[in-house]
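Listed here are the chains, written in short residue letters.
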Amino acid sequence: MEAKAQVTYVRISPRKVKIVLDLIRNKPVDVAQAILKFTPKAACEPVGKLLKSAIANAENNYNMDKNQLYVAEALVCPGPIMKRIRPRAQGRAYRVEKRSSHITLVLKEME
């Protein structure tokens, strides 16, 4: 039995989100919440909201015990890239790529 939550089109680079997900993978949910609360990374806010959502899904949809849950899978996929142009010297233009992410969390119960 597993509970799943995902958020799409988060306006943060997948590379930055992956750093945060590596911290909480295979941890109990209360430890993962504490890690996200005290880690000074921009990706911690959307990942924290997603973790709360996954916990709520597990409790309400699957009658799982919150104290037995752990983060079984945490993955991020790249979303669409917004391409913007930044003016540079002598009439040139540099491309700025604003990346987005799709984040998925899967929670399971410990045996």
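Residues numbered from 1 in each chain as written. Predicted model: local features only at pLDDT ≥ 70, side-chain atom pairs only at ≥ 80, totals over all residues. Heavy atoms only, no water.

Participant: Describe the sheet that holds strand E5 (residues 101-109), listing the residues and the values that go with them.
Facilitator: Ordered by their spatial adjacency, 3 strands build an open sheet running E1-E5-E2, and the pairing between neighbours is antiparallel. For this open sheet the edge positions go to strand E1 (2-10) and strand E2 (69-78), each flanked by a neighbour on one side alone. In this sheet, neighbouring strand axes are inclined to one another by 15 degrees on average, regardless of whether the strands run parallel or antiparallel. Of the pairings in the sheet, the one linking E2 to E5 comprises 9 bridges and is antiparallel in character. Within the sheet, the bridge partner assigned to Tyr 70 lies in E5 and is Lys 108. Each of E2 and E5 touches helix H1 (residues 14-24); the most contacted strand, E2, lies at about 165 degrees to it. (Pairing = 2+ DSSP bridges. Helix = DSSP H or I, 4+ residues; strand = E, 2+ residues; numbered from the N terminus. Axes fitted to C-alpha atoms, helices over the stretch in contact; angles between N-to-C directions. Contact = heavy atoms within 4.5 Å.)

Participant: Summarise unusual backbone geometry; cite the residues concerned and give the values.
Facilitator: For Asn 26, which is not glycine, the phi dihedral falls at a positive 65 degrees. Structurally, Asn 26 is set in the loop between H1 and helix H2 (29-38). The phi torsion at Asn 63 lies on the positive side, around 50 degrees, for a residue other than glycine. By the secondary structure assignment, Asn 63 is in the loop between helix H3 (44-62) and E2.

Participant: Explain the nonpolar core residue by residue, including any values.
Facilitator: Core analysis: the largest hydrophobic core is formed by 26 residues, its most contacted members being Leu 21, Val 47, Leu 51, Leu 105 and Leu 107. Counting only elements with at least two residues in this core, the list comes to E1, H1, H2, H3, E2 and E5. If you tally residues by element for this core, the top one is H3, at 7 residues. Discounting chain neighbours no more than four positions away, the residues touching Leu 107 are Met 1, Glu 2, Ala 3, Val 29, Leu 51, Ala 54, Ile 55, Met 64, Leu 69, Tyr 70, Val 71 and Ala 72. (Core = buried A, V, L, I, M, F, W, Y, C linked by side-chain atoms within 4.5 Å. Buried < 20%, exposed > 50% of the residue type's maximum accessible area, 1.4 Å probe, protein only.)

Participant: Requested: an account of the pattern of salt bridges, with residues and values cited.
Facilitator: All told, the structure shown has 4 salt bridges when counted by the stated rule. Note that Lys 108 is salt-bridged to Glu 2, the shortest N-O span being 3.9 Å. Here Lys 108, found in strand E5, pairs with Glu 2, found in strand E1; they are 106 residues apart in sequence, far enough to count as distant. For Lys 108, a relative accessible area of 29% corresponds to the partly exposed category. Given the relative accessible area of 36%, Glu 2 is considered partly exposed. Note that Lys 18 is salt-bridged to Asp 22, the shortest N-O span being 3.1 Å. Highlighted residues: Lys 18 and Asp 22, both in helix H1, separated by 4 residues, approximately one helical turn. Each of Lys 18, Asp 22 and Arg 25 takes part in one network of salt bridges that share partners. (Salt bridge = Lys/Arg side-chain N within 4 Å of Asp/Glu carboxyl O.)

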